[in-house]
Amino acid sequence: MSRSIDLRSDTVTLPTDAMRRAMAEAEVGDDVYGEDPTVRRLEELGAEMVGKEAALFVPTGTMGNQVAVMTHTRRGEEVILEADSHIFFYEVGGLAALSGVQARTVPGRRGAMDPGQVEAAVREDNIHFPRTALVCLENTHNRSGGTVVPLENMAAVADVARRHGAAVHLDGARIFNAATALGVPPSKVAAPADSVMFALSKGLAAPVGSLVAGRREWVERARKNRKLLGGGMRQVGVLAAAGIVALTSMVGRLAEDHANARRLGEGIASIPGLAVDLETVQTNMVSFEVNKPGLTALELVARMGEQGVKANATGSSRIRLVTHKDVSAADVDETLRVLRRLLA
Ligand code: TLP
């Protein structure tokens, strides 16, 4: 069977040979006792890269975001976040189920919330109201098609939060894609936030893992909440070792994924029956509409699958394609050939 082209997500990336070697050779210890030297190295390296005092290794981005929310809030408080944000849309209701907080959503434009609307959503002091404890940002913004939220917008929203005594958390699962697209270090993207979660297991191709970073005292409280959620891992340096390879050798190549997404987006824009807003193709994703009467996104995804191209439907007429290190320019061209045939 010929290999398929997997554009469902950058989470499907396979670990590199260098990662497998580092994993096999990793020096380990019991991380719940703080005795795994490889985890410590990863946490220090990650914290430094995003310009924060300390970081915590977590098994998934979802746990990282949820631990962050739990550490910033108390039960019954309110969290402001973008209506299509991952934390609100894709984390199984964790805000309510795990932290007992309530979500107040604000619509965004390509992931960016209007600071005025955020300000209007902040609760004033009133005996009836929950306290607004936290504002969450996301960069790059997944459901907008991997768009980059402008740094000025992040700073303006963070400023609103601070003026009202609320903390700011950044879901930076793809912070390195944002930094690559903006041509700035990731610490600049994380700067407006008190805490940031970023993934090692997406475009950077580690098999597992994310980091949550912030002030040292905050990270120690987050460590306790990670334990509460069952995320205290033992000789986990075997995984952290792959994370170190991810951070030290996989960031530089993300521009290649962005170029492939652009090539894919431009090709899709020329196919009758498909529509893509090329202005949203800013990093490693292409989110497009299926406009052919009688053809749903799910049906097109199924037909693409039969032709060896895997994709995800993200709405009844919307499909998302994600480029990553296991997708070449030739794979992009093959994907475009398949789409042209299917839409003919
Ligand atoms: N996103 C996944 C799915 O959950 C949708 C994907 O394929 O894109 N924040 C953002 C912005 C994310 O895109 C994701 C994963 C997460 C958090 C959660 O990370 P994991 O999958 O490690 O829990």
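The structure under discussion appears in the preceding block.
Residues numbered from 1 in each chain as written. Predicted model: local features only at pLDDT ≥ 70, side-chain atom pairs only at ≥ 80, totals over all residues. Heavy atoms only, no water.

Q: Tell me about the sheet that holds strand E3 (residues 78-82), and name the residues and values.
A: With mixed pairing, 7 strands are arranged side by side in an open sheet as E2-E10-E9-E8-E7-E3-E4. Among the strands making up the open sheet, the edge pair consists of strand E2 (54-58) and strand E4 (102-106). Taken pair by pair, the neighbouring strands of this sheet meet at an average axis angle of 20 degrees, ignoring direction. Summarising the sheet, E2 and strand E10 (residues 210-214) pair through 5 bridges and their orientation is antiparallel. Each residue of the ladder has a partner; that of Phe57, found in E10, is Leu211. Helix H2 (residues 37-49) rests against E2, strand E9 (195-199) and E10 of the sheet, and its axis sits at about 125 degrees to E2. Strand contacts of helix H10 (residues 216-228): E2, E9 and E10, with the helix running at about 15 degrees to E2, the strand carrying the most contacts. (Pairing = 2+ DSSP bridges. Helix = DSSP H or I, 4+ residues; strand = E, 2+ residues; numbered from the N terminus. Axes fitted to C-alpha atoms, helices over the stretch in contact; angles between N-to-C directions. Contact = heavy atoms within 4.5 Å.)

Q: Tell me what's going on with the nonpolar core, and back it up with residues and numbers.
A: Residues Phe57, Ile175, Val189 and Phe198 are the most contacted members of the largest nonpolar core, which totals 53 residues. If we ignore the near neighbours within four places in the chain, the residues touching Val189 are Asn139, Leu151, Met154, Leu170, Ile175, Ala178, Ala179, Leu182 and Val184. (Core = buried A, V, L, I, M, F, W, Y, C linked by side-chain atoms within 4.5 Å. Buried < 20%, exposed > 50% of the residue type's maximum accessible area, 1.4 Å probe, protein only.)

Q: Which residues make up empty space enclosed by the protein, and what values go with them?
A: According to the stated counting rule, one finds 2 cavities of 30 Å³ or more in the structure shown. Here the largest cavity is characterised by a volume of approximately 80 Å³. At the level of secondary structure, the elements contributing two or more residues to the lining of the largest cavity comprise strand E6 (112-113), strand E7 (132-138) and helix H7 (151-163). Among the elements that line the lining of the largest cavity, the one with the most residues is E7, at 3 residues. Here the residues of the lining of the largest cavity are counted per class, giving 6 nonpolar, 5 polar and 2 charged. (1 Å grid on protein atoms, 1.4 Å probe; cavity = no way out; pocket = protein on both sides within 12 Å on 5 of 7 lines; lining within 4 Å. Points joined across faces, edges and corners; volume = space filled by probe spheres on them. Nonpolar A, V, L, I, M, F, W, Y, C, P; charged D, E, K, R; others polar.)

Q: Explain the sheet that holds strand E15 (residues 318-322) to me, using residue names and the numbers behind them.
A: Strand order in the open sheet formed by 4 strands is E11-E12-E15-E14, and the pairing between neighbours is antiparallel. Lying at the two open borders of the sheet, with one neighbouring strand each, are strand E11 (274-275) and strand E14 (312-315). Looking at chain direction, E11 and strand E12 (residues 285-290) are connected through 2 bridges and run antiparallel. The residue of E12 that forms the bridge with Ala275 is Glu289. Contacts from helix H12 (residues 254-269) reach E11, E12 and E15, with the element oriented near 15 degrees to E12.

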